[in-house]
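Notes for the structure review
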Amino acid sequence: LDERSDENLVMASRRGNKTAYAQLVRRHYEHVFIVCLGVVGNVEDAEDATQEALLKGFLQLKKLRDGAQFRPWITKIAKNLCFNFVRRKQRGRQIIAEKATSSVHSQYQNDRLQRAIEHLPMEIRQPLVMYYFDSRNVLSVANDLNISTSAVYSRLQCAIKELHRLMTGQGDKNG
Amino acid sequence: MDSSCKKIQNQLADDILGNLSADEYENVHEHVNRCPNCRQYKQALEEEHRALMEFGENVKETIKARQDRVIHALSNASQMTYKEKLPLWRIIMKNKKTKFAAAVLLIAVLVGISQVGGARAAFAQTTRFVRTTLAGLREFVSEMKSREPIGYIDESKLPPAKSVRQVPDVQGTVISAKIKELAVVEEQNVLQDFFKSENVEWIQSENNVNMWYAKLDPIKTERFTDFAGTCEDLQLKSSPRLMLLEGQEGTIGSLSAQDEDAVALALVATVLEDDEGIELSLSFLRGHSGFEMPNLRIEINEAVLFRLVKTTDTKESENDASDADTENVIYVLLQIEVRSPT
């Protein structure tokens, strides 16, 4: 089953074969999740959006004409859900000014990081998430976002600085 | 902070990404060694970089568990899918006239069942018109549940099995099927002990992790029904007998006493060419959960015991303080008889 193409798995899934669709889930979950995380910036929300997209995909498989295009198709569904999700949330931007200490517990550190990531502008959050959470290199990120490698470096540089500013409350946003 | 520090701090972010030339690297580190502010900034960026890497790894480690949650949710998503598989039925249910006609048909089924003497013939005939996919079954059960509970037909009240030959318009091999449902309330241990003592081998369905089956020879079948019949805490109930021509689709629907959890079965059975076995393709509907089993082969005298697990995610209930998943199990014994044409 592992070696079956997306096209074959989609065909089987259309007939209600959930084992086949589970295989598609395993194959594409991480990619969809990373895309969602890049858009919503929060692990829990990204998981919710990914799950919703994959279940919605299962129920709407008949709308997918070319089974080989499952990945871009499901990614598009997920992105749309994320954009709706972000619009609904409409949370005001706030500075997370908490003093960093060297002895922070990792969970606490993760919470602070997550909140900072969530408040990054989306155009710099997406490459940051792909770089750190999907172990992607700059070229791969550039290809996926359809931008140059220098643009990726520039956005990553900006993201790293902005993340530092959000986590420490230090410095000028433009400085 | 002077303008050179601003430039250096931009380059420190590039350094984190490994995007500095050798000359730039040397220049940056020369500055950092003599500037305490930039040194502190560099240390903070490095710490945040490590934290990001660690956080990314933590998230990756949980991907499998997150996938599993989707797949678990998927197992409960069959209802809408199967509706899409059967647009005809949806059309019927959307239109008042066709819906009325379907209701009349279903009433005819109920009348047929309630009149025990002619139950088998009526049931066999009417079920030909009931679509045997899960969507059809779901509507079937829904309609049944909306009416007065009729309970189970007492098997002892059914006419003798030989009357199958009196069913009109039946020519060819007749396959007779009935299901016995065992609703398990709290006596799991007693039942598990019984299965253990009888060496019952459970096989998990490839299509549904919540469906298990075990093949029982006639002796084990008899012991199982005796055991379930004598145990006060277990309620073994029989459905009406379904008769269908070989290869023809048929459905069995039944109501539990509590009317909370109906089970319906769609079945196609074919006698294998060598007359040594039967091939079954069947779909169960239990409440809103579907269980499918295509191409199951059994011996001609074997019965199949199914174990259907319904998982209820109590998180969905806001009033329920418990967030643990709860399971309840129903056992369905499917017995098949084959009658060759006279």
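Given the structure is predicted, the values throughout are model-derived calculations rather than measurements.

Before going further, it helps to examine the interface of chain A and chain B. Each partner contributes to the interface: chain A provides 43 residues, whereas chain B provides 47 residues. The largest share of the area that chain A buries against chain B comes from Lys 18, Leu 59 and Tyr 132 of chain A, three residues that together contribute 17% of it. Joining chain A to chain B, the criterion identifies five salt bridges. A salt bridge links Glu 47 of chain A to Arg 66 of chain B; the shortest N-O distance between them is 2.7 Å. At the junction of chain A and chain B, the tally comes to 10 residue pairs in polar contact (both at pLDDT 80 or more). Class assignment of the residues belonging to the side of chain A that touches chain B gives a composition of 21 nonpolar, 13 polar and nine charged.

All names here are of chain B. All chains considered together, the criterion is met by 12 aromatic pairs over all chains. Considering the side-chain rings of Phe 194 and Phe 224, the 6.2 Å spacing of their centres and the 45° angle between planes classify their relative orientation as tilted. Here the residue Phe 194 occupies a position in helix α10 (residues 188-197), and Phe 224 occupies one in helix α11 (residues 218-230), the gap between them amounting to 30 residues. In terms of burial, Phe 194 and Phe 224 fall into one category: buried. A ring pair is formed by Phe 195 and Trp 202, whose centres lie 5.2 Å apart and whose planes are at 85°; its orientation type is edge-to-face. Owing to a relative accessible area of 3%, Phe 195 belongs among the buried residues under this scheme.

Before going further, it helps to examine the nonpolar core. Counting 77 residues, the largest nonpolar core has Tyr 21, Phe 33, Phe 70, Leu 128 and Phe 133 of chain A as the members making the most contacts within it. When residues in this core are grouped by element, the largest group, 13 residues, is from helix α2 (residues 18-40) of chain A. For Phe 70 of chain A, the contacting residues outside a window of four places in its chain are Asp 6, Val 10, Tyr 21, Leu 24, His 28, Leu 61 and Leu 64 of chain A. Among the nonpolar cores identified, the runner-up in size contains 26 residues, and Leu 267, Leu 296, Val 304 and Ile 336 of chain B belong to it.

Right, let's talk about helix α3 (residues 43-59) of chain A for a bit. Think of an α-helix as 3.6 residues a turn; residues three or four steps apart then line up on the same face. All names here are of chain A. Compared with an ideal rise of 1.5 Å per residue, which puts 17 residues at 24 Å, α3 spans 24 Å between its outermost C-alpha atoms and is within 8% of the ideal. In terms of burial, α3 is largely enclosed, as 12 of its 17 residues are buried. Along α3, the residues that are buried comprise Val 43, Asp 45, Ala 46, Glu 47, Ala 49, Thr 50, Ala 53, Leu 54, Leu 55, Gly 57, Phe 58 and Leu 59. If you check the start of α3, you find a side-chain oxygen 2.9 Å away from the backbone N of Glu 44, and it comes from Asn 42.

Residues and elements named next belong to chain A. Put simply, α2 and helix α6 (residues 122-133) touch, their axes get as near as 8 Å, and they point 145° apart. In this structure, the crossing between α2 and α6 has a hand that is right-handed. Taken together, the residues of α6 that come into contact with α2 (itself represented by Ile 34, Leu 37, Gly 38, Val 39 and Val 40) are Met 122, Arg 125, Gln 126, Val 129, Met 130 and Phe 133. Counted by class, the contact of α2 with α6 contains eight nonpolar, two polar and one charged residues.

Right, let's get into the confidence of the model for chain B. Any residue range with low pLDDT should be treated as having predicted coordinates unsuitable for detailed reading. All names here are of chain B. Predicted confidence across chain B gives a mean pLDDT of 69, with 57% of residues reaching 70 or more. Scored below 50 in pLDDT, residues 147-170 shows 45 contacts in the model against residues more than four places distant or in partner chains. Counting interchain partners and residues more than four positions distant, the pLDDT-below-50 stretch residues 313-326 has 13 contacts. Overall fold confidence for the complex sits at a pTM of 0.46, while the interface term, ipTM, reaches 0.79.

Right, let's get into the pattern of salt bridges. For side chains bearing opposite charge, pairing can occur when the charged atoms are close. The final tally for this structure, using the stated rule, is 13 salt bridges over all chains. We note a salt bridge from Asp 6 of chain A to Arg 27 of chain A, for which the minimum N-O separation is 2.7 Å. Highlighted residues: Asp 6 of chain A in helix α1 (residues 6-14) and Arg 27 of chain A in helix α2, separated in sequence by 21 residues. Assessed through its relative accessible area of 13%, Asp 6 of chain A is described here as buried. The salt bridge involving Arg 297 of chain B is made with Glu 279 of chain B; its shortest N-O contact spans 3.1 Å. Of this pair, Arg 297 of chain B sits in strand β9 (residues 289-299) while Glu 279 of chain B sits in strand β8 (residues 277-286), and the two are 18 residues apart along the sequence.

Rules behind the numbers
Residues numbered from 1 in each chain as written. Chains lettered and ligands numbered in written order. Predicted model: local features only at pLDDT ≥ 70, side-chain atom pairs only at ≥ 80, totals over all residues. Heavy atoms only, no water. Contact = heavy atoms within 4.5 Å. Buried area = accessible area lost by both parts, 1.4 Å probe. Salt bridge = Lys/Arg side-chain N within 4 Å of Asp/Glu carboxyl O. Polar contact = N/O pair within 3.5 Å; in protein donor to acceptor, adjacent residues only side chain to side chain. Nonpolar A, V, L, I, M, F, W, Y, C, P; charged D, E, K, R; others polar. Phe/Tyr/Trp six-rings, centres within 6.5 Å; stacked < 30°, edge-to-face > 60°. Helix = DSSP H or I, 4+ residues; strand = E, 2+ residues; numbered from the N terminus. Buried < 20%, exposed > 50% of the residue type's maximum accessible area, 1.4 Å probe, protein only. Core = buried A, V, L, I, M, F, W, Y, C linked by side-chain atoms within 4.5 Å. Expected span 1.5 Å × (residues − 1). Axes fitted to C-alpha atoms, helices over the stretch in contact; angles between N-to-C directions. Left-handed = near helix turned anticlockwise from the far one by under 90°. pLDDT = per-residue confidence, 0-100.

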